[in-house]
Amino acid sequence: MNMNYIEKINEINDYAKAKLSTSRYKHSVQVATMCEELCVKAGYKKFKGYLAGISHDICKEISEKKMLKLAQKDDLPICKQEKDKTSLLHGRAAAILLKEKFNIDDEDVINAVRYHVSGNIKMNEFAMCLYIADKSEPTRPHITKEYLDNLFSMPIINMMDFVLTENIEYLKKKNYTIYEQTFLLQNEIKERLSINE
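Residues numbered from 1 in each chain as written. Predicted model: local features only at pLDDT ≥ 70, side-chain atom pairs only at ≥ 80, totals over all residues. Heavy atoms only, no water.

So, the environment of Asn-167: which residues are in play, and what are the values?
Topologically, Asn-167 is positioned in helix α10 (residues 156-173). Judged by its relative accessible area of 14%, Asn-167 is buried. Sequence spacing of Asn-167 and Arg-114 is 53 residues, and the spatial spacing of their C-alpha atoms is 18 Å. The contact partners of Asn-167, leaving out residues within four places of it in the chain, are Tyr-131 and Lys-135. Of the polar contacts made by the side chain of Asn-167, one reaches the side chain of Tyr-131; its length is 3.1 Å. (Helix = DSSP H or I, 4+ residues; strand = E, 2+ residues; numbered from the N terminus. Buried < 20%, exposed > 50% of the residue type's maximum accessible area, 1.4 Å probe, protein only. Contact = heavy atoms within 4.5 Å. Polar contact = N/O pair within 3.5 Å; in protein donor to acceptor, adjacent residues only side chain to side chain.)

So what about the packing of helix α4 (residues 64-71) against helix α6 (residues 90-100)? Which residues, and what values?
Taken N-terminus to C-terminus, the directions of α4 and α6 make an angle of 65 degrees; their axes are 8 Å apart at the nearest point. By the angle between their directions, the pair α4 and α6 is classed as roughly perpendicular. Once α4 is placed against α6, the crossing between them reads as left-handed. Contacts from Met-67, Leu-70 and Ala-71 of α4 reach α6 at His-90, Arg-92, Ala-93, Ile-96, Leu-97 and Glu-100. (Axes fitted to C-alpha atoms, helices over the stretch in contact; angles between N-to-C directions. Parallel < 35°, antiparallel > 145°, perpendicular 65-115°, else oblique. Left-handed = near helix turned anticlockwise from the far one by under 90°.)

How would you explain the nonpolar core if you had to name every residue and give the values?
Within the largest apolar cluster, 65 residues are counted, with the highest numbers of intra-cluster contacts made by Ile-58, Leu-98, Ile-104 and Ile-132. Other than its neighbours up to four places away in sequence, Ile-58 contacts Ile-12, Tyr-15, Ala-16, Leu-20, Ala-94, Leu-97, Leu-98 and Phe-102. (Core = buried A, V, L, I, M, F, W, Y, C linked by side-chain atoms within 4.5 Å.)

Which residues make up the confidence of the model for the chain, and what values go with them?
Per-chain confidence: the chain averages 95 in pLDDT, with 98% of residues scoring 70 or above. Model confidence for the chain, summarised as mean pLDDT per element, is weakest for helix α5 (residues 80-84) at 89 and strongest for α6 at 98. (pLDDT = per-residue confidence, 0-100.)

I'd like a rundown of the state of the cysteines, residues and numbers included.
Here the structure, examined in full by the defined rule, presents zero disulfides. The closest cysteine sulfur to the non-disulfide-bonded Cys-35 is located on Cys-39, 4.2 Å from its own sulfur. With no disulfide partner, Cys-79 has as its closest neighbouring cysteine sulfur the one in Cys-59, 17 Å distant. (Disulfide = S-S within 2.5 Å.)

Break down unusual backbone geometry for me, citing the residues and quoting the values.
Of note, Asp-75 is a non-glycine position whose phi angle comes to about 65 degrees, a positive value. Among the secondary structure elements, Asp-75 is positioned in the loop between α4 and α5. With a relative accessible area of 69%, Asp-75 lands in the exposed category. The phi angle at Asn-175 is positive, at roughly 60 degrees, despite the residue not being glycine. Topologically, Asn-175 is positioned in the loop between α10 and α11 (180-196).

Quick rundown of the pattern of salt bridges? Include the residues and the values.
Overall, the coordinates contain 13 salt bridges when judged by the stated rule. Ionic pairing is found between Asp-134 and Lys-135, a salt bridge with its closest N-O pair at 3.4 Å. Each member of the pair, Asp-134 together with Lys-135, is buried. Its relative accessible area of 6% is what places Asp-134 among the buried residues. Bridged by salt links that share partners, the residues Lys-48, Asp-106 and Asp-108 form one connected network. (Salt bridge = Lys/Arg side-chain N within 4 Å of Asp/Glu carboxyl O.)

Tell me what's going on with the environment of Phe-152, and back it up with residues and numbers.
Its place among the elements puts Phe-152 in helix α9 (residues 145-152). Each C-alpha atom of the pair Phe-152 and Ile-178 lies 26 Å from the other, and the pair is 26 residues apart in sequence.

Before we move on, can you summarise the packing of aromatic side chains with the specific residues and values?
Under the criterion given, the structure shown has three aromatic pairs. Pairing Tyr-44 with Phe-126 gives two aromatic rings, centres 5.3 Å apart and planes at 65 degrees, and the pair type is edge-to-face. Linking Tyr-44 in the loop between α2 (22-42) and α3 (46-55) with Phe-126 in helix α8 (residues 125-136), this pair joins segments that are 82 residues apart in sequence. Judged by its relative accessible area of 0%, Phe-126 falls in the buried class. Ring geometry for Tyr-147 versus Phe-162: centroids 5.8 Å apart, planes at 55 degrees, classification tilted. Taken together, the residues span a long stretch of sequence, with Tyr-147 in helix α9 and Phe-162 in helix α10 at a distance of 15 residues. Just above the ring of Tyr-176 sits the side chain of Lys-85; from NZ or CZ to the centre is 5.3 Å. (Phe/Tyr/Trp six-rings, centres within 6.5 Å; stacked < 30°, edge-to-face > 60°. Lys NZ or Arg CZ within 6 Å of the ring centre and 35° of its normal.)

Encoded structure:
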């Protein structure tokens, strides 16, 4: 299928605006804008980045029952963290909704949305762009111009290492249980970076 990215962006933007709270929609637009910028840096089409960004939280505010029902369709196991906190499934649910409701067939976009919550060793640089944008978009309280200037001075893989490590430290301080996949991804990125030194 030769997908019209602009058409899909408009369609999902309208859906997000209708279904999400004002603050969550604003966050999604900020993530989409930053993801677009990161994708240009990484050599991907910018519209593809915007599509992933505007889509990533479309299931964030649906009922837990609906979220679980959607997420189970990807045939991946529901892990302990997701059983304890169903809202962590919103990325997986959104990936299914993108396929079923919006006929999105771009696997880069699907996987980026699917893995933006926990991270995963299957993530490519495109998926990393969404993860980085989600955690570092300008309206987040700790994000300053200096922070972003420093971040954008790095290659994508280094940005991912920086943001992922920062996020893990934040989760530890909050005493949240962290996905095993998050640690596996962190280890894999550290290995890749050490090989390239």
